[in-house]
Amino acid sequence: MLIEENRDTGVLRIEGLKNFNPKHIFECGQAFRWNWDGQGYVGVVGDKVVRVLWERSTLTLENATYDDFNIVWLDYFDLNTDYGRIIEKLSRDPILVEAIRHGWGIRILNQDPWETLISFIISARNGIDRIKATVERISQKFGEKISWAGRDYYKFPSIDVLADADEDELRSCGCGYRGPYIKGTAQLIRSGEINLDALKYMDYEDAKEQLLACPGVGPKVADCILLFSLRKGQAFPVDVWIGRIMEELYSQEMKEFKDIREFAENRFGDIAGYAQQYLFYYAREKQIGKAPSKR
DNA sequence: AAACAGGAACCAC
DNA sequence: GTGGTTCCTGTT
């Protein structure tokens, strides 16, 4: 990996990178604050706005510095993980090969646990576009403004701000019945009863048990938080899309989501979550289980 | 414009 | 612990 910084333009180039496809990374349902703006994918991460471009094994980050790279982006984009090795392992399962081919360049981001927790509470019984819109409105209403290249962006709000949020204002962001869950969870986190940062150092089962104590967090949402922000590679979030694709590809007797989760943990082990990402992207791309749209 | 899509809580038993 | 019902909003 060769890194080249231009301090005048704020452009950082990382060369010699493999397995990085922004479209697949940002549109596989793991993150909600990345949008295509005509030039690249622009995202708000922590207190930073960055634009991401990828071309011929060169990753370009606009509005980034070398220091940011070491402190934030290296870990955020999971650049120290050898995806070639993960793909090789998963490809031993012939059923996965086609899904991996479609979703080439997917990476599991290492996101902020707090933002991920709230985002996936919002995700319950919800679609990606609506989740994104709701998270954006919550950030606009409760988060701090940051500006870049003539546009305004908003940080994801702090624990304190959401713990004290006015319920009507929260609801006006379009979160519906999840509003009280968001506030309740924020208060639970603020109380210190659950220490999100500590979950990273706990094993999968213990961390999951803690997350399940948050209102609005069930098995699927907990697995998303564990996988996308707490480095728990064995987490295998099962939603309707995964249910459909697993039924189609593995045609197992899996009546319930719990059965699918157990099947995946047994079959894929500590890289089950990576398999899940390929399968999810594949299922959505193929519109599995959906009738062809009438026109 | 009624139907639909999408996980968790809650209350029975 | 299992089964059925309800929660909210944007899209078709």
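What counts and how
- Residues numbered from 1 in each chain as written.
- Chains lettered and ligands numbered in written order.
- Predicted model: local features only at pLDDT ≥ 70, side-chain atom pairs only at ≥ 80, totals over all residues.
- Heavy atoms only, no water.
- Axes fitted to C-alpha atoms, helices over the stretch in contact; angles between N-to-C directions.
- Helix = DSSP H or I, 4+ residues; strand = E, 2+ residues; numbered from the N terminus.
- Parallel < 35°, antiparallel > 145°, perpendicular 65-115°, else oblique.
- Left-handed = near helix turned anticlockwise from the far one by under 90°.
- Contact = heavy atoms within 4.5 Å.
- Nonpolar A, V, L, I, M, F, W, Y, C, P; charged D, E, K, R; others polar.
- Patch = residues over 30% accessible without salt bridge, like charges linked within 9 Å, V, L, I, M, F, W, Y side chains within 5 Å.
- Areas by Shrake-Rupley, 256 points an atom, 1.4 Å probe, with all protein chains shown as cover.
- Salt bridge = Lys/Arg side-chain N within 4 Å of Asp/Glu carboxyl O.
- Lys, Arg positive; Asp, Glu negative; His and termini not counted.
- Charge placed at Lys NZ, Arg CZ, Asp CG, Glu CD.
- Buried < 20%, exposed > 50% of the residue type's maximum accessible area, 1.4 Å probe, protein only.
- Near = heavy atom within 4 Å.
- Polar contact = N/O pair within 3.5 Å; in protein donor to acceptor, adjacent residues only side chain to side chain.
- Pairing = 2+ DSSP bridges.
- Phe/Tyr/Trp six-rings, centres within 6.5 Å; stacked < 30°, edge-to-face > 60°.
- Lys NZ or Arg CZ within 6 Å of the ring centre and 35° of its normal.

Enquirer: Where do I start with the packing of helix H5 (residues 113–122) against helix H9 (residues 179–190) in this structure?
Expert: When two helices pack together, you describe them by how their axes are tilted relative to each other and by the distance separating the axes. Across the interface, H5 lies against H9 with an axial gap of 10 Å and an inter-helix angle of 155°. By the angle between their axes, H5 is roughly antiparallel relative to H9. Note that H5 runs across H9; the crossing there is right-handed. Residue-level inspection shows Trp 114, Leu 117, Ile 118, Ile 121 and Ile 122 of H5 in contact with H9, the latter providing Tyr 181, Ile 182, Thr 185, Ala 186 and Ile 189. Its residues placed into classes, the contact of H5 with H9 shows nine nonpolar, one polar and no charged.

Enquirer: Any chance you could explain unusual backbone geometry here in plain terms?
Expert: One can expect most non-glycine residues to show negative phi and most peptide bonds to be in trans. Positioned with a positive phi, Asn 19 is a non-glycine residue whose angle comes to about 55°. Relative to the elements of secondary structure, Asn 19 occurs in the loop between strand E2 (11–15) and helix H1 (22–26).

Enquirer: Just to check I follow, could you spell out a negative patch on the surface for this structure?
Expert: A contiguous patch of negative charge, built from Asp 166, Glu 167, Asp 168 and Glu 169, is present on the exposed surface. Locating Glu 169 in the fold gives a position in helix H8 (residues 167–175). A relative accessible area of 35% means that Glu 169 is categorised as partly exposed.

Enquirer: Explanation requested: the protein's contact with DNA strand C in the structure shown.
Expert: In the region of DNA strand C, the neighbouring residues are Arg 125, Arg 130, Arg 171, Gly 174, Gly 176, Tyr 177 and Lys 258. Within 4 Å of the protein, the atoms of DNA strand C are drawn from sugar and phosphate moieties in a proportion of 77%. Note that a base nitrogen of DNA strand C is positioned 3.2 Å from one of the side-chain N or O atoms of Arg 125. Within the surface near DNA strand C, the residues separate by chemical class into one nonpolar, two polar and four charged.

Enquirer: Any chance you could explain the protein's contact with DNA strand B here in plain terms?
Expert: In the neighbourhood of DNA strand B, 19 residues make up the surrounding shell, with Arg 125, Tyr 177, Gly 216, Gly 218 and Val 221 lying closest. Put simply, 59% of the atoms of DNA strand B that lie within 4 Å of the protein are in sugar or phosphate. Contacts to DNA strand B include Arg 125, whose backbone N or O atom sits 2.3 Å from a base nitrogen. Considering only residue class, the surface near DNA strand B consists of 10 nonpolar, three polar and six charged.

Enquirer: What is the right way to read the pairing of strand E4 (residues 41–45) from this model?
Expert: Side-chain direction in a regular strand flips from residue to residue, so the side chains alternate between the two faces of the sheet. The buried count for E4 comes to five of five residues, which makes it a mostly enclosed element. The side-chain alternation of E4 yields two buried faces, one formed by Tyr 41, Gly 43 and Val 45 and the other by Val 42 and Val 44. Direction of pairing for strand E3 (residues 34–36) relative to E4: antiparallel, over a ladder of three bridges. Looking across to E4, one finds that Trp 36 is bridged to Tyr 41.

Enquirer: Which parts of the structure should I look at to understand the pattern of salt bridges?
Expert: Tallying each qualifying case throughout the model produces 19 salt bridges. With its nearest N and O atoms 3.6 Å apart, the salt bridge here joins Asp 47 to Lys 48. Assessed through its relative accessible area of 48%, Asp 47 is described here as partly exposed. Residue classification places Lys 48 among the partly exposed positions, given a relative accessible area of 22%. One network of salt bridges, with partners in common, ties together Asp 37, Arg 51 and Glu 62.

Enquirer: Can you help me understand the pairing of strand E7 (residues 145–148) in this one?
Expert: Burial along E7 is one-sided: the residues Ile 146 and Trp 148 are buried and none of Lys 145 and Ser 147 is. Note that E7 and strand E8 (residues 151–154) share four bridges and pair antiparallel. Residue Ser 147 lies in a different strand from E8, and its bridge partner there is Asp 152.

Enquirer: Got a minute to help me understand the packing of aromatic side chains in this structure?
Expert: For any pair of aromatic rings, geometry is given as the distance between the ring centres together with the angle between the planes. This model, assessed by the stated rule, comprises 19 aromatic pairs. For the pair Tyr 250 and Phe 268, a centre-to-centre distance of 6.3 Å together with 70° between the ring planes defines the contact as edge-to-face. With Tyr 250 in helix H13 (residues 240–250) and Phe 268 in helix H14 (residues 257–268), this pair connects stretches of sequence that are 18 residues apart. Of the two residues examined, Tyr 250 and Phe 268, each falls in the buried class. Chaining the aromatic ring pairs together yields one cluster made of Phe 20, Phe 26, Trp 34, Trp 36, Tyr 41, Trp 73, Tyr 76 and Phe 77. Arg 178 extends its terminal NZ or CZ atom over the ring of Tyr 177, reaching a point 4.5 Å from the ring centre.

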